[in-house]
Amino acid sequence: MRTIKVGSRQSALALTQTGHVINDLRQICEREGLAFDFEVHKIVTKGDLILDVTLSKVGGKGLFVKEIEQAMLDHKIDMAVHSMKDMPSELPEGLINGAVPRRADPRDALISNGGLTLDQLPEGARVGTSSLRRSSQLKAYRPDLQLESLRGNIDSRLRKLETEGLDAIILAAAGLYRMGWEDRITEYLSETACLPAVGQGALGIECREDDAELLHLLQLYNDPETAEPVLAERRFLSVLNGGCQVPIGAHAVWVPEEDTDSPNGQNKLQLTGMVGTPDGGLILKEALTGKDPVRLGEEVAWRLIERGAEQILAEVRG
Ligand SMILES: NCc1[nH]cc(CCC(=O)O)c1CC(=O)O
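Note that the structure is predicted; figures quoted are calculated from it, not measured.

(A) Focus on the nonpolar core. By size, the foremost hydrophobic cluster in this structure holds 75 residues, and its most contacted members are Ile 169, Phe 236 and Leu 240. Looking at which element gives the most residues to this core, the answer is helix H9 (residues 224-239), with six residues.

(B) Inspection of the sheet that holds strand S12 (residues 267-276) at higher detail. Pairing is antiparallel in the open sheet, where three strands are placed in the order S11-S12-S13. The outermost strands of the open sheet, each flanked by one partner alone, are strand S11 (248-256) and strand S13 (283-290). Shown here is a sheet whose adjacent strand axes are inclined to one another by a mean of 15°, direction ignored. Those strands touched by helix H10 (residues 293-306) are S12 and S13, and its axis lies near 150° from that of S13.

(C) How the structure looks around unusual backbone geometry. The backbone phi angle of His 75 is positive, close to 65°, even though this residue is not glycine. With respect to the helices, strands and loops of the structure, His 75 is situated in the loop between helix H4 (66-73) and strand S3 (79-83).

(D) The environment of Ile 77, seen in detail. In this structure, Ile 77 sits in the loop between H4 and S3. Looking at Ile 77, the number of C-beta atoms within 10 Å reads 24, which means it is buried. On a C-alpha basis, the gap between Ile 77 and Arg 234 in space is 26 Å, while along the polypeptide they are 157 residues apart.

(E) Region of interest: helix H11 (residues 309-317). Those residues of H11 that sit buried are Ala 309, Ile 312 and Leu 313. Across the axial projection of H11, the buried residues extend over an arc of 95°, all falling on one side. Among the exposed residues of H11, those oriented more than 90 degrees off its buried face are Gln 311, Ala 314 and Glu 315. Along its buried surface, H11 packs onto S12, S13 and H10.

(F) Geometry of the sheet that holds strand S4 (residues 95-99). With mixed pairing, the five strands of this open sheet are ordered in space as S2-S1-S3-S10-S4. Each having just a single partner strand, strand S2 (36-42) and S4 make up the two edges of the open sheet. Across the sheet, the mean angle separating the axes of adjacent strands is 35° when strand polarity is ignored. The strands touched by helix H8 (residues 212-221) within the sheet are strand S1 (2-8), S2, S3, S4 and strand S10 (203-208), with S4 carrying the most contacts at an inclination of about 40°.

Thresholds, definitions, all that
- Residues numbered from 1 in each chain as written.
- Predicted model: local features only at pLDDT ≥ 70, side-chain atom pairs only at ≥ 80, totals over all residues.
- Core = buried A, V, L, I, M, F, W, Y, C linked by C-beta atoms within 7 Å.
- Buried ≥ 20, exposed ≤ 12 C-beta atoms within 10 Å, placed from the backbone.
- Helix = DSSP H or I, 4+ residues; strand = E, 2+ residues; numbered from the N terminus.
- Pairing = 2+ DSSP bridges.
- Axes fitted to C-alpha atoms, helices over the stretch in contact; angles between N-to-C directions.
- Contact = placed C-beta atoms within 7 Å.
- Arc of directions from axis to C-beta.

Fair warning: the whole summary comes from geometry, so function is off the table for now.
The following block contains the structure:
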């Protein structure tokens, strides 16, 4: 019996996600007759220590994962569960993404006081979000809204809806579901109003690339129907050299291929990508379909680059 040491951040969401994954893995082990046990090791990351600072000011990709990756390389832990949208596009030498489990709801959710939808919020309403992607798109959709910075873990963000006198906040639906707090959701935002972050709602499971035993288990947990769209989104992001601190969004879904004789209707991917200015004055959006997730991600990124995406991003990074 091997005990897999699972590293996790201490936030309620991270520990809950890690717990869900361990439950799933235990079930696979039972079904397949594999002898693994699991124990959680809590790790404090740089991102956790500066939760009250606007992330775009701190900069640096992978603020929440560096310490965890070092512990893995040092064999202090064997694997870690990450929110895909917090995972840097390039992993350090020696580590790989061993599985992408089935994706949860990728949409952003509005949590408002009094149950008002985005369209019903009063003129000049104060909406909390720390994400440039969300504020850019919301300002484009409703230029009258006052976007306020909102940082912290999702539990403290929900509290701030009351304590900071905000009219509404925006959070990822997936995080609320995993915490069992989906009853707080007032409205799921459409992709027209707010295209989600790359990888939103998906998890990634990182481990050492030479850990064949663990990789065998993780392969049984991988969901290709999630992994491929997420790969397209992540390729898109890395061509634009983005992270979660720039106003970039993307979402890929499976769509039926119209021009096929196959009775089952073979599927292809449809990727929508966006880059916006922080003030919402300009939102560039492109959607394409294709079979190869990597090429699709690149093509959507190139289309946006042709339309000036790199100038927008250069200004944001300024
Ligand atoms: N940036 C923090 C973060 N990372 C993952 C989630 C939610 C879960 C997910 O998107 O998978 C959140 C909170 C949020 O954006 O509301």
